[in-house]
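# Coordinate inspection notes
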Amino acid sequence: MTYCCGILVRDGLVMIADTRTNAGLDNISVFRKLQVYSNPGERIMAIAASGNLSLTQSVVSTVTEGWENPESGERETLMNAPTMFQAAQRVGRAIRHVNAQDGGALAATGVQFDVSFLLGGQIAGERPHLYMIYAAGNFIECTTDTPYLQIGEHKYGKPVLDRAITFDIDLYDALKVGLVSVDSTMRSNLSVGMPIDVVVIRRDACAAELVHRIEPGEPYFADLRERWSAALRAAHANIPPVPYKSNARPAAWVEAREGAKTA
């Protein structure tokens, strides 16, 4: 399992991914799941992957190395896609290509073709985009109404994003909320773990403003985790007690009990 999230706000894009992979409790490893493709000033893209590691690596390698389009003769990669939309289409085609090659053999051994991707970035002349691409190769695009997308073990981190992320939030505040979301996920699911890879892309820069790996024990992230836990405890303490305490039994319950005794 994994956890990756992308947050698209007015000022730019944040993408975060954990690095833990496992094939059972005694076979846990670290693999990078967030890749960055950049031609500074012309384009910047980041792709995060969730699912079967061998399959996601095959898809990423396919869109990195490219393949020849039989109609145009062009070798299609992420770095020569004319638009972000067409870049997402290329990831989708790569997923279907890998499925066509390996899906049958996997199904014969009882292994499901399970992959999903986040693709975010900007090509000069366009606005930034963020897409979630499914195992069938189809995809959806992030909107200003819900300016984030998640893949992997998303349920524990989603409430934090729902409550705190808006399209107008500051770019680095979005990063901070995203890290809280990751922490919430790690506390509830041991299959998500550090190190954590982070990419920050500022709108119209067409370059990565920040590419960083958060290692275990890093002071800022450790402090963030403790401050968030303390804030939750303080919030709980400051909420008034519930007013529902009563020893009285509902009349209907009492009547039913007395009737049962006399029957």
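As a reminder, the structure under discussion sits directly above these lines.
Structural notes, computed from the coordinates. (Residues numbered from 1 in each chain as written. Predicted model: local features only at pLDDT ≥ 70, side-chain atom pairs only at ≥ 80, totals over all residues. Heavy atoms only, no water.)

## Section: the overall build of the protein chain
The condition that has to hold: Each helix is a run of H or I in the DSSP string that is no shorter than four residues. Each strand is a run of E no shorter than two, and both are numbered from the N terminus. Values of the radius of gyration come from C-alpha atoms, whereas the globule rule sets the reference at 2.2 Å times the count of residues to the power 0.38. Using a 1.4 Å probe on the protein chains alone, a residue whose accessible area is under 20% of its type maximum counts as buried, one over 50% counts as exposed, and one in between counts as partly exposed. Between two residues, a contact is recorded if the distance between any of their heavy atoms is within 4.5 Å. Charge convention: Lys and Arg are scored as positive, Asp and Glu as negative, and His as well as the terminal groups of each chain are ignored. Taken as the charge location is NZ of Lys, CZ of Arg, CG of Asp or CD of Glu.
When its secondary structure is counted, the protein chain shows 6 helices and 14 strands. Whereas a compact globule of 263 residues would reach a radius of gyration of roughly 18 Å, the protein chain reaches 23 Å, over 25% beyond that. With respect to the three principal axes, the spread of C-alpha positions in the protein chain is 90 × 45 × 35 Å. The buried share of the protein chain, reckoned over its 263 residues, is 42%. Expressed as a percentage of contacts within the protein chain between residues at least 6 apart in sequence, the contacts between residues at least 24 apart total 62%. Across the protein chain, the mean location of the 25 positive side-chain charges is 8 Å away from that of the 29 negative side-chain charges.

## Thoughts on the sheet that holds strand β11 (residues 139–141)
Here is the rule: Whether two strands pair comes down to DSSP finding at least two bridges between them. Throughout, an axis means a line fitted to C-alpha atoms (over the contacting stretch in the case of helices), and angles, computed between N-to-C directions, take values from 0 to 180 degrees.
As summarised here, the arrangement of the 5 strands in space is β5-β6-β9-β10-β11, forming an open sheet in which the pairing is antiparallel. At either end of the open sheet lies a strand with only one pairing partner, and these are β5 (34–39) and β11. On average, each strand axis in the sheet is inclined to that of its neighbour by 15°, with strand direction left out of account. Examined bridge by bridge, strand β9 (residues 115–123) and strand β10 (residues 129–133) share 5 bridges and lie antiparallel to one another. When the sheet's bridge partners are listed, L119 is paired in β10 with Y131. Docked against the sheet, helix α1 (residues 53–65) engages β5, β6 (43–51) and β9, running at close to 30° with respect to β9. Lying over the sheet, helix α2 (residues 84–108) contacts β6, β9, β10 and β11, oriented at roughly 155° with respect to β9.

## Some words on α2
Rules: How far a helix is expected to stretch is found by multiplying one less than its residue total by 1.5 Å. Axes are fitted to the seven residues ending at a residue and to the seven starting at it; the angle between these axes is taken as the bend at that residue.
For α2, which comprises 25 residues, the first-to-last C-alpha distance of 35 Å matches the rise-based estimate of 36 Å (1.5 Å per residue) to within 8%. D102 marks where α2 bends most, by close to 50°. Taken together, the buried positions of α2 are M84, A87, A88, R90, V91, G92, A94, I95, V98, G103 and L106. Downstream of α2 by one or two residues, G110 has phi in the positive range, about 80°.

## Notes on the sheet that holds strand β2 (residues 12–18)
Across a sheet, strands are paired by hydrogen bonds formed along the backbone, either parallel or antiparallel in direction. Here 5 strands make up an open sheet; going across it, the order is β12-β1-β2-β13-β14 and the pairing antiparallel. The sheet is open, and its two edges are formed by β12 (148–152) and β14 (208–214), each paired on a single side. Neighbouring strand axes in the sheet, compared pairwise and without regard to direction, differ in orientation by 10° on average. Relative to strand β13 (residues 196–202), helix α4 (residues 171–188) is tilted by about 160°, and along the sheet it contacts β1 (3–9), β2, β12, β13 and β14.

## Focus on the packing of α4 against helix α5 (residues 219–238)
Applicable threshold: Note that the term roughly parallel is reserved for angles under 35 degrees, roughly antiparallel for angles over 145, roughly perpendicular for angles of 65 to 115, and oblique for everything else.
Here α4 crosses α5 at 75°, and the two axes come no closer than 10 Å. One way to sum up the angle between α4 and α5 is to call them roughly perpendicular. In this structure, α4 uses K176, L179, V180, D183, S184, M186 and R187 to contact α5, whose residues at the interface are Y220, F221, L224, R225, W228 and S229.

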